[in-house]
Amino acid sequence: MANTQFSDTIHVLTYIAYFQGQKMTSPEIASSLETSPSLIRKIMATLKKNNLLAPTHGPTQLALARDPAEITLQDIYHTLPGTPLLLNVDQHTSQKCPVGVAMPQTLDHYYHEIQAAAEAQMARITLQDILNDVNLHQATTPH
C-alpha cells in the first residue's frame, strides 16, 4: 500500500491557504481528506514544529507561517517523520544468486539518483503553484 503522508500534508497546507482567514477545524479539514481529525492534528503539530504553520491563537485560527510562494514541496517533504525515501530497495535477496547479491547495491545507486532528481524538482514547486492549480480547477469545473 502506498504511503500518502506527503500528499496528505500538502493537502492540509493547501486547505489552510485556500481558506485563509476563515475559521477551520480539524474535523473540517479531515472531511476534505476523508480521514480522521486526529491525523490532521498530528500533521498540523508536525507542521508547526517545522515552522510551516504559524502558532495559533485558538484552535480554529490556522495560518501558514510563510507566504505560499515561499514554501516548496521540498520544505514540506522534509517535515515528514524520518523523511522517507521515495523508493526503497529490498535488501533481503539471495546471497547465492548473482542477481540477488548484486541487486541491492545496484538499485541503491540508481534510486539515489532518482531521489536527488525528485527533490530538486520539489524545490522548484511551491505551495502557491498547488494553490493556483486548485483555484484554476475550481474556476473551470462546473458546480
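Small disclaimer: the values here were computed from a predicted structure and weren't measured.

**Some thoughts on the overall build of the protein chain**
Piece 1. A tally of helices and strands in the protein chain yields six helices and zero strands.
Piece 2. When the elements of the protein chain are put in sequence order from the N terminus, they spell out α-α-α-α-α-α.
Piece 3. For 143 residues, the compact-globule estimate of 2.2 N^0.38 gives 15 Å, and the C-alpha radius of gyration of the protein chain, at 19 Å, exceeds that figure by more than 25%.
Piece 4. Its C-alpha atoms put the protein chain at 60 × 30 × 30 Å along the principal axes.

**Describing the side chain of Glu119**
Piece 1. With respect to the helices and strands, the residue Glu119 is situated in helix H5 (residues 98-122).
Piece 2. Summary of buried charges: Glu119 has no salt-bridge partner, and the nearest side chain of opposite charge, Arg124, is 12 Å away.
Piece 3. Of the polar contacts made by the side chain of Glu119, one reaches the side chain of Gln74; its length is 3.4 Å.
Piece 4. Sequence-distant contacts of Glu119, defined by excluding residues within four places in its chain, comprise Gln74, Tyr77 and His78.

**A word on the layout of surface pockets**
Piece 1. A volume near 170 Å³ is recorded for the largest pocket.
Piece 2. Together, Gln5, Asp8, Thr9, Leu39, Lys42, Ile43, Thr46, Leu47, Thr79, Leu80 and Pro81 line the largest pocket.
Piece 3. At the level of elements, helix H1 (5-18) and helix H3 (37-49) are the ones that each hand at least two residues to the lining of the largest pocket.
Piece 4. Among the residues forming the lining of the largest pocket, the class breakdown is five nonpolar, four polar and two charged.

**So, the nonpolar core**
Piece 1. One finds Val12, Ile16, Ile29 and Ile76 to be the most contacted residues of the largest nonpolar core, which totals 27 residues.
Piece 2. Put simply, the parts of the chain that give this core at least two residues each are H1, helix H2 (26-33), H3, helix H4 (73-77) and helix H6 (127-140).
Piece 3. Examining the composition of this core, we find that seven residues originate from one element, H1, more than from any other.
Piece 4. Beyond its immediate sequence surroundings of up to four residues, Ile29 is in contact with Val12, Tyr15, Ile16, Met24, Ile40, Met44 and Leu62.

**A closer look at the side chain of Asp8**
Piece 1. Take Asp8: it is sitting in helix H1.
Piece 2. Despite its burial, Asp8 remains without a salt bridge, the nearest opposite charge being carried by Lys42 at 10 Å.
Piece 3. Setting aside residues up to four positions removed in sequence, Asp8 forms contacts with Leu33, Leu39 and Ile43.

**Digging into the packing of H1 against H2**
Piece 1. Close contact between H1 and H2 brings their axes to 10 Å; oriented N to C, the two are set at 125 degrees. Between H1 and H2, the crossing angle belongs to the class labelled oblique. Considering only the axes of H1 and H2, their crossing is right-handed. Every residue of H2 that contacts H1 at Asp8, His11, Val12, Tyr15 and Ile16 is listed here: Glu28, Ile29, Ser32 and Leu33.
Piece 2. Taken together, the residues of the contact of H1 with H2 sort by class into five nonpolar, two polar and two charged.

Rules used throughout
- Residues numbered from 1 in each chain as written.
- Predicted model: local features only at pLDDT ≥ 70, side-chain atom pairs only at ≥ 80, totals over all residues.
- Heavy atoms only, no water.
- Helix = DSSP H or I, 4+ residues; strand = E, 2+ residues; numbered from the N terminus.
- Rg over C-alpha atoms; globule rule 2.2 N^0.38 Å.
- Buried < 20%, exposed > 50% of the residue type's maximum accessible area, 1.4 Å probe, protein only.
- Lys, Arg positive; Asp, Glu negative; His and termini not counted.
- Salt bridge = Lys/Arg side-chain N within 4 Å of Asp/Glu carboxyl O.
- Polar contact = N/O pair within 3.5 Å; in protein donor to acceptor, adjacent residues only side chain to side chain.
- Contact = heavy atoms within 4.5 Å.
- 1 Å grid on protein atoms, 1.4 Å probe; cavity = no way out; pocket = protein on both sides within 12 Å on 5 of 7 lines; lining within 4 Å.
- Points joined across faces, edges and corners; volume = space filled by probe spheres on them.
- Nonpolar A, V, L, I, M, F, W, Y, C, P; charged D, E, K, R; others polar.
- Core = buried A, V, L, I, M, F, W, Y, C linked by side-chain atoms within 4.5 Å.
- Axes fitted to C-alpha atoms, helices over the stretch in contact; angles between N-to-C directions.
- Parallel < 35°, antiparallel > 145°, perpendicular 65-115°, else oblique.
- Left-handed = near helix turned anticlockwise from the far one by under 90°.

Shape descriptors only; they carry no functional weight alone.
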